[in-house]
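Inside the fold
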Amino acid sequence: MACPLEQALAVMVTTFHKYSGKEGDKYKLSKMELKELLNKELPVFGSKQMDEAEFKRLMNDLDHNKDSEVDFKEYVCFLACITMGFNDFFKDGPTRQPRKK
């Protein structure tokens, strides 16, 4: 059985490929594919949380090579940024648990 971190990495990869390639390149997310992924897998970033202008800004920020799609590297950078934000939010939170030794 895979360890939790290995499982998390597998989920990141399989989630990308679950949505990529429905429109065009199977190794990239189109704007609509990214929107669907966010709505279903990361609803905190979905269309209920951001309007079209904010989504457009997010897409522009993620699309480093400006091909109007999000490739796997751009997707992973996005997840890394979200993860750093979650870490910052929780590291000094009131429910902080002592580390096990």
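The following paragraphs examine the structure supplied in this document. (Residues numbered from 1 in each chain as written. Predicted model: local features only at pLDDT ≥ 70, side-chain atom pairs only at ≥ 80, totals over all residues. Heavy atoms only, no water.)

1. Quick look at a nonpolar patch on the surface
A cluster of nonpolar side chains, namely F86, F89 and F90, defines an oily patch on the protein surface of about 380 Å² accessible area. Relative to the assigned elements, F89 resides in helix α4 (residues 72–91). (Patch = residues over 30% accessible without salt bridge, like charges linked within 9 Å, V, L, I, M, F, W, Y side chains within 5 Å. Areas by Shrake-Rupley, 256 points an atom, 1.4 Å probe, with all protein chains shown as cover. Salt bridge = Lys/Arg side-chain N within 4 Å of Asp/Glu carboxyl O. Helix = DSSP H or I, 4+ residues; strand = E, 2+ residues; numbered from the N terminus.)

2. Regarding the state of the cysteines
Evaluation of the coordinates by the stated rule reveals zero disulfides. Left unpaired, C77 is separated from the closest cysteine sulfur, that of C81, by 6.8 Å. Residue classification places C77 among the partly exposed residues on the basis of a relative accessible area of 34%. (Disulfide = S-S within 2.5 Å. Buried < 20%, exposed > 50% of the residue type's maximum accessible area, 1.4 Å probe, protein only.)

3. Some thoughts on the nonpolar core
Of all hydrophobic cores here, the largest spans 16 residues; its most connected members are L29, L34, L38, V70, Y75 and F78. Within the residue set of this core, elements represented by two or more residues are α1 (4–19), α2 (31–41), α3 (52–62) and α4. Not counting residues within four places of it along the chain, the set of residues in contact with V70 comprises F16, K28, L29, L34, M59, L62 and Y75. (Core = buried A, V, L, I, M, F, W, Y, C linked by side-chain atoms within 4.5 Å. Contact = heavy atoms within 4.5 Å.)

4. Considerations on the packing of aromatic side chains
How two aromatic rings sit relative to each other is given by the distance of their centres and the angle of their planes. Scanning all chains against the criterion turns up five aromatic pairs. On the basis of an interplanar angle of 85° and a centroid distance of 5.2 Å, the ring pair of F16 and F72 is categorised as edge-to-face. One end of the pair, F16, is in helix α1; the other, F72, is in helix α4, with 56 residues separating them in the sequence. Since its relative accessible area comes to 0%, F16 is described here as buried. When the centroid spacing of 4.8 Å and the interplanar angle of 90° are considered together, the rings of F89 and F90 count as edge-to-face. For the residue pair F89 and F90, the accessibility class agrees, reading exposed in each case. Joined through ring pairs, the aromatic side chains of F16, F72 and Y75 make up one cluster. Cation over ring: K35 sits above F55, and NZ or CZ is 4.8 Å from the ring centre. (Phe/Tyr/Trp six-rings, centres within 6.5 Å; stacked < 30°, edge-to-face > 60°. Lys NZ or Arg CZ within 6 Å of the ring centre and 35° of its normal.)

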